[in-house]
Amino acid sequence: MLNGFSILIPTWNNLPFLKLCVESIRENSSLNHQIIVHVNDGSDGTLEWVKAEGLDYIHTPQNVGVCLAMNMMRTKVATDYIYFVNDDMYLLPGWDTELMAEIKRLGHNRFYLSSTMIQPHDQSDVGLCIDYGDTIETFQKDRLLKDYMRYPYPDWQGATRPPNLVHRDIWDMVGGYSIELTPGMYSDPDFTAKLLFVGITHLKGIGNSRVYHFETKTTQRVKKNQGSLQFLLKWGITNSSMRKYITRQGEDWAFRGAPINTSVLKRKRILSRLKATLSVLIKGFGIAHSIENN
């Protein structure tokens, strides 16, 4: 009987990491979760493996990108909660109980929660940078399982990217992921912006819900969309400004509620719109110049 989350995993010919991800869910979870995999292509044996493992899945013969994959997996969700995980993540013990404790404490579904990542290289404003390997061959699993709670990390503000958790009713309210951002660059902050648009402001990272991320084992292979420009033209603000001035990503949750500096935010939005307009004009001029010369 399911008493946990529906874990959505989009994957694209990344079978060794997918196996490790699913292994971590099965070995390190306290609740009974549904695992749903979207198999893009699957010519590396992924489709056969997913079938043999008895996992819920959807298959497309080509890579349709993360946005469409997520929306397609939504059709198979059997629990109240959708948890988005990259296939190159290893979930650590306690990841699910910490999230469920936050849900029960809140007593409502108007939230967006994120686990805290440990990564080997990325010095970001959220999570820990500790190297336990960045390939299957170099992965120091035993050391990670021994050490992963050794380093304190507080709950933090501004949940905007996987691994994250949302109630399926909230997912449906905002229409899931935006397919115009296919294959998916900036689709995570776009989803956050849609949540903010409908008044979801409990965007919290849980410090003790931890996941190891091997980093960009799929995105480094895909032809990227111009996500930063698309985000700017859609929302009238850059992703970095949204994170800094609205969601305050990475700041200690204990200090949430500090007033937003709206005057700075307005200036940022004006400058961002000017930069976007100039970028479009410059590109348009280049295209027109090329046509004229031909």
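Residues numbered from 1 in each chain as written. Predicted model: local features only at pLDDT ≥ 70, side-chain atom pairs only at ≥ 80, totals over all residues. Heavy atoms only, no water.

Give a detailed account of empty space enclosed by the protein, specifying residues and quantitative values.
If you roll a probe as big as a water molecule over the atoms, it shows you where there is empty space left. By the definition in use, this model includes one cavity of 30 Å³ or more. Of the voids in this model, the largest cavity is the one considered here, and its volume is about 30 Å³. The wall of the largest cavity is formed by Met70, Ile82, Phe84, Tyr112, Asn164, Val166, Trp171, Tyr177 and Phe191. Every element with two or more residues in the lining of the largest cavity is listed here: strand S4 (81-84) and strand S9 (164-167). Grouping the amino acids of the lining of the largest cavity by side-chain chemistry returns eight nonpolar, one polar and no charged. (1 Å grid on protein atoms, 1.4 Å probe; cavity = no way out; pocket = protein on both sides within 12 Å on 5 of 7 lines; lining within 4 Å. Points joined across faces, edges and corners; volume = space filled by probe spheres on them. Helix = DSSP H or I, 4+ residues; strand = E, 2+ residues; numbered from the N terminus. Nonpolar A, V, L, I, M, F, W, Y, C, P; charged D, E, K, R; others polar.)

Mind laying out the packing of aromatic side chains, listing which residues take part and the relevant values?
Here the structure, examined in full by the defined rule, presents 17 aromatic pairs. Ring centres 5.8 Å apart and planes at 80 degrees place the aromatic pair Tyr132 and Tyr212 in the edge-to-face group. Of this pair, Tyr132 sits in the loop between strand S7 (128-129) and helix H5 (141-147) while Tyr212 sits in strand S10 (residues 202-213), and the two are 80 residues apart along the sequence. A residue is classified by how much of its surface remains accessible, and Tyr132, at 0% relative accessible area, is buried. Its relative accessible area of 0% is what places Tyr212 among the buried residues. (Phe/Tyr/Trp six-rings, centres within 6.5 Å; stacked < 30°, edge-to-face > 60°. Buried < 20%, exposed > 50% of the residue type's maximum accessible area, 1.4 Å probe, protein only.)

Which residues make up the pattern of salt bridges, and what values do they have?
All told, the structure shown has 13 salt bridges when counted by the stated rule. The salt bridge partner of Lys141 is Glu27, with a shortest N-O separation of 3.5 Å. Of this pair, Lys141 sits in helix H5 while Glu27 sits in helix H1 (residues 15-28); the two residues are 114 residues apart in sequence, bridging distant segments of the chain. In this structure, Arg248 engages Glu251 in a salt bridge whose closest nitrogen and oxygen atoms are separated by 3.8 Å. Overall, Arg248 belongs to the buried group, its relative accessible area being 14%. By relative accessible area, which is 33% here, Glu251 ends up partly exposed. One network of salt bridges, in which partners are shared, links Glu102, Arg105, Asp155 and Lys204. (Salt bridge = Lys/Arg side-chain N within 4 Å of Asp/Glu carboxyl O.)

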